[in-house]
Amino acid sequence: MDSITIFLQTLTPPHQALAATIFTWSLTALGASFVLFARNISPRLLTVAQAWPPE
């Protein structure tokens with residue numbers, strides 16, 4: 001884990017911003033693919049995902 005931190009610290013600020021953008025985009029695409037390929041999502045799971053207490 002320290003090697004990743006050291007690597008990111010050696011990057012220039014524009015490259016750090018690019019790496020952060022790619023990481024964020026990747027997580028967004030992963031979440032969107034879950035939504036696209038999920039057939040039946042229970043209402044309770046949706047409530048929990050929105051951080052509301054289940055009824």
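About the cut-offs
- Residues numbered from 1 in each chain as written.
- Predicted model: local features only at pLDDT ≥ 70, side-chain atom pairs only at ≥ 80, totals over all residues.
- Heavy atoms only, no water.
- Helix = DSSP H or I, 4+ residues; strand = E, 2+ residues; numbered from the N terminus.
- Buried < 20%, exposed > 50% of the residue type's maximum accessible area, 1.4 Å probe, protein only.
- Patch = residues over 30% accessible without salt bridge, like charges linked within 9 Å, V, L, I, M, F, W, Y side chains within 5 Å.
- Areas by Shrake-Rupley, 256 points an atom, 1.4 Å probe, with all protein chains shown as cover.
- Salt bridge = Lys/Arg side-chain N within 4 Å of Asp/Glu carboxyl O.

Student: Mind showing me how you'd approach the environment of serine 33 here?
Tutor: You can see serine 33 is positioned in helix 2 (residues 13–37). Residue classification places serine 33 among the partly exposed residues on the basis of a relative accessible area of 25%. Sequence separation between serine 33 and proline 14 is 19 residues; the distance between their C-alpha atoms is 28 Å.

Student: Would you mind showing me how to read the environment of isoleucine 6 here?
Tutor: One can find isoleucine 6 in helix 1 (residues 2–10). Sequence separation of isoleucine 6 and alanine 29 is 23 residues, and the distance between their C-alpha atoms is 27 Å.

Student: What's the story with a nonpolar patch on the surface in this structure? I'm lost.
Tutor: A surface patch of nonpolar side chains, about 460 Å² in accessible area, is lined by Phe34, Val35, Ile41, Leu45 and Leu46. Only helix 2 and helix 3 (43–49) provide two or more residues apiece to the nonpolar patch. The residue phenylalanine 34 is located in helix 2 in this model. The class of phenylalanine 34 is exposed, set by a relative accessible area of 52%.

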